[in-house]
Amino acid sequence: MNRVLRFSTFILSLVLVLLAVTSAILITPAYLGSQHALQHEVRLSYERDQRALDSLLKSKFSNIELLFNEVSHIRGIRDGLRTGDLDLVSHTIDAFLAGSSGQQIDAITVTTTSGRAVAAANVSMLNLPLPLTELSQRYGVPGAWRSVSATIGSTRYALLLLSIPVTSEVDGQVVGTLNCFVLLNDNFWITSQLQSLFNSDAIYIVSDGQVLDKISRKGFQASVDPLATPLNNGLYMRGDTILREHTFSIDQSTPYSVLSVLPNSAYQGLQSAYLSQLSYALLLVVILGILAMLVIRKMTRGALSHLAQYAEQVPESGSPQPFSGSKFKEFARVGRAVERMLLRIRERDKRLSSIIDNAPDLIFIKDLERRYLLASEKLASTLALQPDKIVGRRDDELLKGEALARAQETDRHVIESGRPIQYESELGEGSAARIFLLSKFPILDDDGAVMSVGCIATDISTIKKVQEELDLAHQVVAATNEAIIVLDADNQVISANRAFQSMCNADEFGGTLVLSRFLSTHPQISLHLHGHEAWQGECSLVRADGSSLPVLVSITQLPGRDGQQRSALLFSDITNLKQAERKLEQLALYDALTGLPNRSQFHQRLMKQLLRAPDTTAVLFIDIDNFKSINDSHGHALGDAFLRQVADRLRTCVQAKDTVARLGGDEFTVIIADVSTRSQAQAIATRILHVLREPFELGTNHCFSSASIGIAMGLDSGEDPEAMLNNADLAMYEAKMSGRNACYFFDPAINAKHQRRYQLEEGLRDALVRRQLFVEYQPRFDISASRVLAAEALVRWHHPVFGTVSPGEFIPIAESSNLIVEIGRFVLNEACREASILHRDGFNILLSVNLSPRQLRDRDLIKDIEDTLYRFNLPPHLLELEITETYVMENIDQFIPVLSQIRALGVRLAVDDFGTGYSSLMYLKKLPVNTVKIDYSFIRDIPGDQDDENLVRAIISMSHNLRLRVVAEGVETAEQLQFLREQRCDEIQGFLMGRPGSVEQLRRLSVPTSAPHE
């Protein structure tokens, strides 16, 4: 529980804290300034001691050098070296070292000009087996001190070495070298001099992180580790300790560090003074605070008591008395604020009471002993009591039976778990009894404990009755054998009975798919669903397992309360009826697979139609594009299912008076009656092309297809059925040769065209041998239109009779006659040869070659690519192969392994004519391609055509997200180029920048990017 503080205590504490903080703020700057001054003085002392150190060591080692020069002039040493008497030399040196003059020299070695050496050590080095002779032979400048070192065991010994030559008194020739050693390890005279100089507690001589020598005062205990303590510009000050680092070097010796530890007595005195002053200030603060508190308490005690009495005397009900004035304005404001707060609480209580009494729901609150604390007028009315008769009573005094048991059980649950609960219960008696949905919830105190139980009860008697009626209606709908489906305005299923799922042979989700497929294949059903009249007709329902079910479809419009259109579909299974009707017809006149009229029935009906009205009759000859590929990819069983779906779709495109027949394989015919103009026949053919381009669902698979349609009019063919069918066949062939997915009318000129086609096909066979084919190259520029990045290889044919033949004319001929494989091999060979020459001359231009569908099926394709690259020594990344989007998308699973092998060679892949296929966006990510080429049909009308602009933006964005480059084909205007630049297209190709031409044109448009290759 939170402790309550007296106001005067709080004010005293606040005053004391403020005064203490003020004192500390006033004293602290003086303390910090003094501390800074001490640090500056320590820094100046450090610099003075560094200069004193340099002067001391320079003086000491200069004296040693002078003394050592005198040694070199001792007669015994000169004579011994001149005569080769090393014993005399050794004796002389020993005598010198034993004297007082040699105490600061630790060892001397003498080397003759012949390489003989003698060494003598002072007492400090008698037990150290240092290789003095070897050390003295290390080169150094005569007359200058230098550093040498030796390691014995794990100990490294650092020495200072001075070498001077010894000359003969007789002839002045150098007779030897005198070497002087001063050992820095355990060198008492150096450390004692430094300790005396610095007046320090401890001295350390350090080299390369190793302590060579140290000295400290008796009883000194280091508070810091000199070697591990970080220094700031050679200094470290903390508490009562100062750590300094000086350096020294003698002549050419390496630098050595001198670490000195000094007492920080000035800092200790400053800190003691600061604490003393701060103690006096705090004592003064306490005295002043107590005085201020006594004054404040005297002034505020009466005002606070008056305010407390006003708050304690507030009545339980009604408005509070106005607050009388106070001596202090602030306390008067607090009193008036309390008064306004109490008034707001009273107003809020009134509003809450009004809501509770007038709410349509029952509202009540009970305490933890299950006694009613509050009860609404609605609850009192339901229990036939007055509200004041309910408050203070328990449930066992008001309820009985199941209602009492549920009330007690739920109260206990809410109190024990602290969680809300909902349940249904019947309240009231006899005819006045009603069903309520009670929502009970805990009311918590400030500590989160349950203090009471609240409840809101809603009358759901009417809802329960409506629900029972709906359940009965649902049972009736569910039990009927007729399939009933309710659809909204968007043809989405609102509800469907079990009979529909049974009829579809699927679960709820599968039934929805079957219905969606049914509506897509029966467009007239969708029209009637959005109409205003009832409709009934026979249709075929393709179930989930692919089987077809004849049904009688009834459509009824349902009124909606919310103004939304709803439709009811009723499916009646008429399988038995249809089977009886079809048995006789299908035996002789109908195709067993599709149920369509066969060739015999077709001829009979066409004959009758021509006899009746030859001038208003048309025949459509329909050939399914790429049916063989569908059969090969999905199997004959699914191929048959595909043909059945084609038949179903064809039925939806014509009227009952027309005839749809299957001649065999993937060939269908349609007899259209009462057509007087070509436009009428054209409209029906266009509708057929549209429905056959929609996806076909083959079990778990789906595929896409199209059709080529030839149309023969009775006006042009007379009354001969065979002639009319033949004319429609020729027109269909013309549509297929023109790119498929089209319809053509028969025209006498078609015969002449077929004759020309035959001549071109024969000429094309000789064109490869007689070298009538050649290759031109259309450049591809970067988006700035300043640099050629690539070029597309385009085959051309100059016929000796017909002249230049358009590729659009002879390429389809080559495709159908299998000559396209040889032509493709020729273009690949020429492109690689020219690309190799360009690469050799320093032009790194990628050449792109189109691959036909037949080439992709050629088992020698990969070998041809490898051989061609090897033959011309062409880097694979300079070759790109273009594949047509529509054909690859229809056979994607078949061609992905082939394309992956091509990419494995290092050859780039591009998707040509992108945007003209059905499933490009879905399957593009599966293809191992590098580049997407937007078909020129989408570039032609931009900018200006909003649809084409949006499509181009989407293609560029999607391709970049898949890390693919984008090439725009057919760029012919500056406006198109600017639009593509704004959309961040990568490359452009079109007549604006360059038409197809020779390799020399590429050379003129390009700049070599590297030096020519051998």
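Residues numbered from 1 in each chain as written. Predicted model: local features only at pLDDT ≥ 70, side-chain atom pairs only at ≥ 80, totals over all residues. Heavy atoms only, no water.

An unreviewed UniProt entry annotates the chain as Diguanylate cyclase originating from Marinobacterium lacunae. Turning to the chain, the UniProt record has this under Cofactor (unreviewed entry): "Mg(2+)". In its Subcellular location (unreviewed entry) section, the UniProt entry covering the chain states "Cell inner membrane". (UniProt positions renumbered as here; feature names shortened; annotations may be inferred.)

Considerations on the overall build of the chain
Broken down by element type, the chain carries 33 helices and 36 strands. Here the chain holds 1014 residues, and the buried ones make up 44% of them. By sequence separation, contacts in the chain at least 24 residues apart represent 58% of the contacts at least 6 residues apart. Of the accessible surface of the chain, which amounts to about 53,600 Å², a share of 52% is contributed by carbon and sulfur atoms. (Helix = DSSP H or I, 4+ residues; strand = E, 2+ residues; numbered from the N terminus. Buried < 20%, exposed > 50% of the residue type's maximum accessible area, 1.4 Å probe, protein only. Contact = heavy atoms within 4.5 Å. Areas by Shrake-Rupley, 256 points an atom, 1.4 Å probe, with all protein chains shown as cover.)

Observations regarding the packing of helix H17 (residues 627–634) against helix H18 (residues 636–652)
To describe two helices that pack against each other, one gives the angle between their axes and the distance between the axes. The N-to-C vectors of H17 and H18 enclose an angle of 135°; their axes lie 7 Å apart at closest approach. As the angle between them shows, H17 and H18 are arranged oblique. On H18, the residues that touch Phe 627, Ile 630, Asn 631 and His 634 of H17 are His 636, Leu 638, Gly 639, Phe 642 and Leu 643. (Axes fitted to C-alpha atoms, helices over the stretch in contact; angles between N-to-C directions. Parallel < 35°, antiparallel > 145°, perpendicular 65-115°, else oblique.)

Structural notes on the packing of aromatic side chains
Centre distance and the angle of the planes are the two values used to describe a pair of aromatic rings. Within the structure shown, the criterion is met by eight aromatic pairs. Look at Phe 61 and Trp 145: their rings are 5.2 Å apart centre to centre, the planes differ by 80°, and that puts the pair in the edge-to-face class. Residue Phe 61 is located in helix H1 (residues 7–72), and its partner Trp 145 is located in the loop between helix H4 (132–136) and strand E3 (146–152); the two are separated by 84 residues in the primary sequence. This pair shows no difference in class: Phe 61 is buried, exactly as Trp 145 is. (Phe/Tyr/Trp six-rings, centres within 6.5 Å; stacked < 30°, edge-to-face > 60°.)

Concerning helix H26 (residues 861–872)
The first and last C-alpha atoms of H26 sit 17 Å apart over 12 residues, in line with the 16 Å expected at 1.5 Å per residue. Within H26, the full set of buried residues consists of Leu 861, Ile 862, Asp 864, Ile 865, Thr 868, Leu 869 and Phe 872. Down the axis of H26, the buried side of the element spans an arc of 165°, and every buried residue falls inside it. On its buried face, H26 is in contact with helix H24 (820–840), strand E31 (846–851), helix H25 (853–857), strand E32 (879–884) and helix H28 (892–904). One or two positions beyond H26, positive phi appears at Asn 873, with a value near 50°. (Expected span 1.5 Å × (residues − 1). Arc of directions from axis to C-beta.)

Side note on the side chain of Thr 868
Within the secondary structure, Thr 868 sits in helix H26. For Thr 868, a relative accessible area of 5% puts it in the buried group. A polar contact is formed between the side chain of Thr 868 and the backbone oxygen of Asp 864, at a distance of 2.7 Å. Ignoring sequence-local partners within four residues, the contact set of Thr 868 consists of Leu 828, Asn 829 and Cys 832. (Polar contact = N/O pair within 3.5 Å; in protein donor to acceptor, adjacent residues only side chain to side chain.)

Overview of the pattern of salt bridges
Going through the model one piece at a time under the given rule, you end up with 33 salt bridges. The salt bridge involving Arg 612 is made with Asp 674; its shortest N-O contact spans 3.6 Å. Here Arg 612, found in helix H16 (residues 599–612), pairs with Asp 674, found in the loop between strand E23 (667–673) and helix H19 (678–693); they are 62 residues apart in sequence, far enough to count as distant. For the salt bridge of Arg 965 with Glu 987, the shortest nitrogen-to-oxygen distance reads 3.2 Å. Here Arg 965, found in strand E35 (residues 965–969), pairs with Glu 987, found in strand E36 (residues 987–989); they are 22 residues apart in sequence, far enough to count as distant. Relative accessible area serves as the criterion here: at 32%, Arg 965 is assigned to the partly exposed category. Take Glu 987: its relative accessible area is 4%, and that puts it in the buried class. (Salt bridge = Lys/Arg side-chain N within 4 Å of Asp/Glu carboxyl O.)

Describing the nonpolar core
Membership of the largest hydrophobic core comes to 78 residues, with the highest contact counts inside it found for Ile 865, Leu 879, Leu 881, Ile 902, Leu 924, Val 952 and Leu 980. In contact with Ile 865, other than residues within four places in its own chain, are Leu 828, Leu 879, Leu 881, Ile 902, Leu 905 and Val 907. Leu 53, Val 118, Leu 178 and Leu 184 belong to the second-largest nonpolar core, a separate cluster that totals 41 residues. (Core = buried A, V, L, I, M, F, W, Y, C linked by side-chain atoms within 4.5 Å.)

Details of a nonpolar patch on the surface
A cluster of nonpolar residues, Leu 283, Leu 284, Val 286, Ile 287, Leu 288, Ile 290, Leu 291 and Leu 294, forms a patch on the protein surface that exposes about 730 Å² of accessible area. Summarising the element assignment, Leu 294 is placed in helix H6 (residues 265–312). (Patch = residues over 30% accessible without salt bridge, like charges linked within 9 Å, V, L, I, M, F, W, Y side chains within 5 Å.)

Some words on the sheet that holds strand E14 (residues 434–444)
A sheet is described by the order of its strands in space; here five strands give the open sequence E12-E11-E15-E14-E13, paired in antiparallel fashion. Both edges of this open sheet fall to strand E12 (372–375) and strand E13 (421–427), since each of them pairs with a single strand only. Each strand axis lies, on average, 25° off the axis of its neighbour in the sheet, ignoring direction. Sheet topology note: the E14/strand E15 (residues 450–459) ladder contains nine bridges and is antiparallel. Across the sheet, Lys 440 pairs through a bridge with Cys 455, a residue of E15. Where helix H10 (residues 401–417) meets the sheet, it contacts strand E11 (362–367), E13, E14 and E15, and its direction lies at approximately 160° from that of E13. (Pairing = 2+ DSSP bridges.)

Regarding empty space enclosed by the protein
This structure, assessed with the given rule, holds six cavities of 30 Å³ or more. Its volume calculated, the largest cavity comes out at about 110 Å³. Sorting the residues of the lining of the largest cavity by element identifies E11, H10, E13 and E14 as the ones contributing at least two each. Broken down by element, the lining of the largest cavity gets its largest block of residues, three residues, from E13. Its residues assigned to classes, the lining of the largest cavity comprises 10 nonpolar, one polar and three charged. (1 Å grid on protein atoms, 1.4 Å probe; cavity = no way out; pocket = protein on both sides within 12 Å on 5 of 7 lines; lining within 4 Å. Points joined across faces, edges and corners; volume = space filled by probe spheres on them. Nonpolar A, V, L, I, M, F, W, Y, C, P; charged D, E, K, R; others polar.)

Digging into a positive patch on the surface
A contiguous patch of positive charge on the surface is contributed by Arg 333, Arg 340, Arg 344, Arg 348 and Arg 351. Its location among the elements puts Arg 344 in helix H7 (residues 329–358). A relative accessible area of 43% means that Arg 344 is categorised as partly exposed. (Lys, Arg positive; Asp, Glu negative; His and termini not counted. Charge placed at Lys NZ, Arg CZ, Asp CG, Glu CD.)

What to know about the environment of Ala 222
Tracing the backbone shows Ala 222 in the loop between strand E7 (210–216) and strand E8 (235–238). Taking relative accessible area as the criterion, Ala 222 reaches 41% and is therefore assigned partly exposed. Sequence separation between Ala 222 and Ala 202 is 20 residues, and the spatial gap between their C-alpha atoms is 8.4 Å.

Remarks on the side chain of Thr 521
With respect to the element layout, Thr 521 can be found in helix H13 (residues 508–521). At 2.9 Å, the side chain of Thr 521 forms a polar contact with the backbone oxygen of Arg 517. Excluding its chain neighbours within four sequence positions, the residues that come into contact with Thr 521 are Arg 649 and Thr 652.

Thoughts on the packing of H24 against H26
Two elements in contact, H24 and H26, have axes separated by 9 Å at closest approach and are oriented at 30°. Overall, the two elements H24 and H26 adopt an arrangement that is roughly parallel. When the axes of H24 and H26 are compared, the crossing they make is right-handed. Of H26, the residues touching H24 (which contributes Arg 825, Leu 828, Asn 829, Cys 832, Arg 833 and Ser 836) are Asp 864, Ile 865, Thr 868, Leu 869, Arg 871 and Phe 872. Per-class residue counts for the contact of H24 with H26 are five nonpolar, three polar and four charged. (Left-handed = near helix turned anticlockwise from the far one by under 90°.)

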